[in-house]
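# Breakdown of the fold
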Amino acid sequence: MSEPLHTLKHEHRVIERALRALDGVCIRLEWGDPVPSAALTQLVEFINEFADRFHHRKEEAYLFPALERRGIVRKGGPLAAIQGQHEIERELTAEMRRALEEFKDLHSESRQNFVKAARRYVDHLIAHMQTEDSILFRLAEEILEETDIVEMKEAFERAESELSPRTRAEYETLASELEDTWVV
């Protein structure tokens, strides 16, 4: 697999670590265990910064246009479907943020609202990543040419410093720490 596509798949594995942590937080909330709002904030911010701004933006800005140049249509095609899933994920992240604001009031209903929003996000994103891994990235591997791969690699390197204040290694460390702390 080419380096840019391998990078995107690897980022999925990093995101999965954070999703396992988020699932562990949900389980603890359902059990009635105390979970500091700061931990929830950290998880939601990780999702917003890494999954969306760092990962999805690279797909949308560099992978999708490369696929379009090779004949994969965006409007009404698979790229539009994936883009639509990214939009759903952004909406679900916003829903988690709203639930997090309520959570700070410590009402039991707000705990349930956060769990509901987080579970919807986890379920959606897992299915989304499986689709990208099994269909989109395989398709890309088959139709992208070496020039596309080189351009994407260079663009990813530039974009990573522009898209986020953290490096990929810092996100990987954070995801591991979140998983170690919260997985059940």
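On a predicted model such as this, the values are computed, not experimentally measured, just so you know.

Counting residues in hydrophobic clusters, the biggest one holds 37 residues, and the most contacted among them are Leu22, Leu29, Leu40, Phe46, Met96, Phe114 and Tyr121. Counting only elements with at least two residues in this core, the list comes to helix 1 (3-31), helix 2 (37-69), helix 3 (78-103), helix 4 (108-143) and helix 6 (168-182). In this structure Leu22 touches Leu43, Ile47, Met96, Phe114, Ala118, Tyr121 and Val122, once residues within four positions along its chain are discounted. Counting residues in each nonpolar core, the second largest holds 16 residues, with Leu5, Phe64, Leu136 and Ile149 among its members.

The subject of this paragraph is helix 3. An ideal rise of 1.5 Å per residue puts 38 Å on 26 residues; helix 3 measures up with 37 Å between its terminal C-alpha atoms. Residues Leu79, Ile82, Gln83, His86, Glu89, Arg90, Leu92, Thr93, Met96, Ala99, Leu100 and Phe103 constitute the buried set of helix 3.

Under the definition given, this model contains six aromatic pairs. Note on Phe46 and Tyr171: the rings are 5.9 Å apart at their centroids and 75° apart in plane angle, and the pair reads as edge-to-face. Of this pair, Phe46 sits in helix 2 while Tyr171 is found in helix 6, placing the two residues 125 residues apart along the sequence. Plain terms: the ring middles of Phe54 and Tyr171 are 5.3 Å apart, the flat faces sit at 55° to each other, and that makes the pair tilted. A residue pair is termed long-range when its members are at least 10 positions apart, and Phe54 in helix 2 and Tyr171 in helix 6 qualify at 117 residues. Like Phe54, the residue Tyr171 is buried in the burial classification. Positioned over the ring face of Phe156 is Lys58, at 5.0 Å from the centre of the ring.

A few words on the pattern of salt bridges. Taken as a whole, this structure holds 24 salt bridges when the rule is applied. Residues Asp133 and Arg13 are paired through a salt bridge, measuring 2.7 Å at the closest nitrogen-oxygen approach. Of this pair, Asp133 sits in helix 4 while Arg13 sits in helix 1, and the two are 120 residues apart along the sequence. Among the salt bridges present, the one from Arg70 reaches Asp148, with a minimum N-O distance of 2.6 Å. Placement of the pair is Arg70 in the loop between helix 2 and helix 3 and Asp148 in helix 5 (residues 146-163), with a sequence separation of 78 residues. Taking relative accessible area as the criterion, Arg70 reaches 32% and is therefore assigned partly exposed. Counted as one network, the salt bridges with shared partners bring together Asp52, Arg57, Glu60, Glu87 and Arg90.

Rules of the game
- Residues numbered from 1 in each chain as written.
- Predicted model: local features only at pLDDT ≥ 70, side-chain atom pairs only at ≥ 80, totals over all residues.
- Heavy atoms only, no water.
- Core = buried A, V, L, I, M, F, W, Y, C linked by side-chain atoms within 4.5 Å.
- Buried < 20%, exposed > 50% of the residue type's maximum accessible area, 1.4 Å probe, protein only.
- Helix = DSSP H or I, 4+ residues; strand = E, 2+ residues; numbered from the N terminus.
- Contact = heavy atoms within 4.5 Å.
- Expected span 1.5 Å × (residues − 1).
- Phe/Tyr/Trp six-rings, centres within 6.5 Å; stacked < 30°, edge-to-face > 60°.
- Lys NZ or Arg CZ within 6 Å of the ring centre and 35° of its normal.
- Salt bridge = Lys/Arg side-chain N within 4 Å of Asp/Glu carboxyl O.

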